[in-house]
Amino acid sequence: MSTVLVTGAAGTIGTLLRRAWAGTHVLHCHDVAAPTVTLPGETWSRGDVTALTVPPGVDVVVHLAANARPGVAWEELRHPNVDGTRHVFAASVAAGVRTVVFASSHHAGGGYDRDRTPGVSARWPVRPCCFYGVTKTLGESFGRYHADRDGLTVTCLRLGDVDVRPHDELALRIWLSHPDLVRAFDAALTRAPGFGTFLVSSRNSRSRWDVTEDNRLLGYAPRDDAEDYTDLVGDAVSQQDCFRGPVANPHAPGR
Ligand SMILES: NC(=O)C1=CN([C@@H]2O[C@H](COP(=O)(O)OP(=O)(O)OC[C@H]3O[C@@H](n4cnc5c(N)ncnc54)[C@H](O)[C@@H]3O)[C@@H](O)[C@H]2O)C=CC1
Ligand SMILES: O=C(O)[C@H]1OC(=O)[C@H](O)[C@@H](O)[C@@H]1O
């Protein structure tokens, strides 16, 4: 059992993790928004993430608070995603936290052609496909800095498309089921010391990510496969695909 502080705890992923961890871990929850449900044993604090105080005794901070919409303008992203993440790492160090788990995104490497073989790796240089992806690379960079300077263990999870099931062609390649999401964060809570960045998806047959080493290093064994939903997905096209949507960059290599 760990004492875990979850930022952005009222959101989709925060609520999933809180349901999974209630009774298993001591949970401190923080969000600017009110939670739709509170669970037995958890404590809540409300406010902007840039003013977060990490209480004494917290082992792990799971940092989820963000503007999670890839299509929005930089002005809407900078405060929560950049200033907020910078503050969370600093506040975690100040409180003597052992580990920060940072919810990064596949958009941090979304500039790589997802059809290339061998598949895209989290060990390749960052290559964001949108400003949202840029904010996630900055979050990873804050984490690297504090890992090296302060000895903080930092686990950056570049999450795929988290949903109850895949809804479009892109998701067939990057879907992350709710049970696999919980498995990945469970693994992140106890990962070996140091800094690490991992691409996280279900074990999708059509994945173009090279995650074998990521999964081994993270200690994560996904079980679900988007392939089971191909009939339901049909020809649906993603609205979150930066290279096919209205901000597409026709000059990106590998298109
Ligand atoms: N849902 C997905 O498919 C993916 C999500 N992620 C990342 O995972 C994290 C969680 O995502 P979701 O739960 O889906 O998003 P969400 O939008 O459901 O939850 C985010 C939470 O952060 C809170 N928040 C936003 N700005 C804040 C601020 N300034 N101060 C305090 N709280 C603030 C919101 O009130 C919300 O409850 C985010 O960092 C997102 O970028 C990454 C990749 C995929
Ligand atoms: O990376 C992210 O956060 C985004 O990635 C996606 O693929 C999801 O469709 C979108 O809902 C997420 O917000």
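The rules behind the values
- Residues numbered from 1 in each chain as written.
- Chains lettered and ligands numbered in written order.
- Predicted model: local features only at pLDDT ≥ 70, side-chain atom pairs only at ≥ 80, totals over all residues.
- Heavy atoms only, no water.
- Helix = DSSP H or I, 4+ residues; strand = E, 2+ residues; numbered from the N terminus.
- Rg over C-alpha atoms; globule rule 2.2 N^0.38 Å.
- Buried < 20%, exposed > 50% of the residue type's maximum accessible area, 1.4 Å probe, protein only.
- Contact = heavy atoms within 4.5 Å.
- Areas by Shrake-Rupley, 256 points an atom, 1.4 Å probe, with all protein chains shown as cover.
- Lys, Arg positive; Asp, Glu negative; His and termini not counted.
- Charge placed at Lys NZ, Arg CZ, Asp CG, Glu CD.
- Pairing = 2+ DSSP bridges.
- Axes fitted to C-alpha atoms, helices over the stretch in contact; angles between N-to-C directions.
- Near = heavy atom within 4 Å.
- Polar contact = N/O pair within 3.5 Å; in protein donor to acceptor, adjacent residues only side chain to side chain.
- 1 Å grid on protein atoms, 1.4 Å probe; cavity = no way out; pocket = protein on both sides within 12 Å on 5 of 7 lines; lining within 4 Å.
- Sits in = over half its atoms within 2 Å of the grid points.
- Salt bridge = Lys/Arg side-chain N within 4 Å of Asp/Glu carboxyl O.

*Asks:* I'd like to hear about the overall build of the protein, residue by residue, with values.
*Replies:* Summing up its helical and strand segments, the protein has 7 helices and 9 strands in all. Over its C-alpha atoms the protein spans a radius of gyration of 17 Å, differing by no more than 12% from the 18 Å that the globule rule assigns to 255 residues. Viewed in the frame of its principal axes, the protein has a C-alpha envelope of about 50 × 35 × 35 Å. Buried residues in the protein amount to 51% of all 255 residues. Within the protein, contacts between residues separated by at least 24 positions form 66% of all contacts whose residues are at least 6 apart in sequence. Carbon and sulfur atoms form 52% of the exposed surface of the protein, whose accessible area is close to 11600 Å². Taking the 26 positively charged and 28 negatively charged side chains of the protein as two groups, their mean positions are separated by 3 Å.

*Asks:* I'd like a description of the environment of Asp235, backed by residues and values.
*Replies:* Considering the arrangement of structural elements, one finds Asp235 in the segment after helix H7 (230-233). C-alpha of Asp235 to C-alpha of Asp168: the two residues are 67 residues apart in sequence and 7.1 Å apart in space.

*Asks:* Can you break down the sheet that holds strand S1 (residues 3-7) residue by residue, with the values?
*Replies:* Taken together, 7 strands build an open sheet; the order of strands is S3-S2-S1-S4-S5-S6-S9 and the sheet is parallel. Looking at strand neighbours, the two that pair on one side only are strand S3 (43-46) and strand S9 (195-200), the edges of this open sheet. Strand-to-strand twist across the sheet, computed as the mean angle between neighbouring axes with direction ignored, equals 20°. Here 4 bridges tie strand S4 (residues 60-63) to strand S5 (residues 99-105), and the two strands are oriented parallel to one another. From the neighbouring strand, Val61 faces S5, where its bridge partner is Val100. In the packing of helix H3 (residues 131-150) onto the sheet, contacts are made with S5, strand S6 (153-159) and S9, and the angle to S5 comes to roughly 160°.

*Asks:* How would you sum up the site of ligand 2? Please name residues and give values.
*Replies:* Neighbouring ligand 2 are Ala68, Pro70, Ser105, His106, His107, Tyr132, Asp161 and Gln240. One of the side-chain nitrogen or oxygen atoms of His106 is found 2.8 Å away from an oxygen atom of ligand 2. In this structure, an oxygen atom belonging to ligand 2 sits 3.2 Å away from a side-chain N or O atom of Asp161. The protein chains hide 78% of the 310 Å² of surface that ligand 2 would expose on its own. In this structure, ligand 2 is accommodated by the largest pocket.

*Asks:* Summarise the site of ligand 1; cite the residues concerned and give the values.
*Replies:* Around ligand 1, 25 residues are found, and the nearest of them are Ile13, Asp31, Val49, Leu64 and Tyr132. At a separation of 3.2 Å, an oxygen atom of ligand 1 approaches a polar backbone atom of Gly11. Residue Thr12 places a main-chain N or O atom 2.9 Å away from an oxygen atom belonging to ligand 1. In isolation ligand 1 has 820 Å² of accessible area, and contact with the protein removes 83% of it. Of the pockets mapped on this structure, ligand 1 occupies the largest pocket. Elements supplying a minimum of two residues to the shell around ligand 1: helix H1 (12-21), S5, H3 and strand S7 (161-162). For the shell around ligand 1, the leading source of residues is S5, giving 3 residues.

*Asks:* Now, about the pattern of salt bridges: what can you tell me, with residues and values included?
*Replies:* Scanning all chains against the criterion turns up 11 salt bridges. Among the ionic pairs, Arg144 bridges to Asp148, the shortest N-O distance being 3.5 Å. With Arg144 and Asp148 both in helix H3 and 4 residues apart, the pair spans about one turn of that helix. Asp150 is the partner of Arg149 in a salt bridge, and the nearest nitrogen-oxygen pair spans 3.3 Å.

*Asks:* Tell me about the environment of His63, residues and numbers included.
*Replies:* Take His63: it is sitting in strand S4. Accessibility expressed as a relative area gives 1% for His63, which makes it buried. When neighbours within four sequence positions are excluded, His63 is seen to be in contact with Thr7, Val49, Gly84, Thr85, Val88, Val101, Phe102 and Ala103. A polar contact of 2.7 Å, which involves the side chain of His63, links it to the side chain of Thr7.

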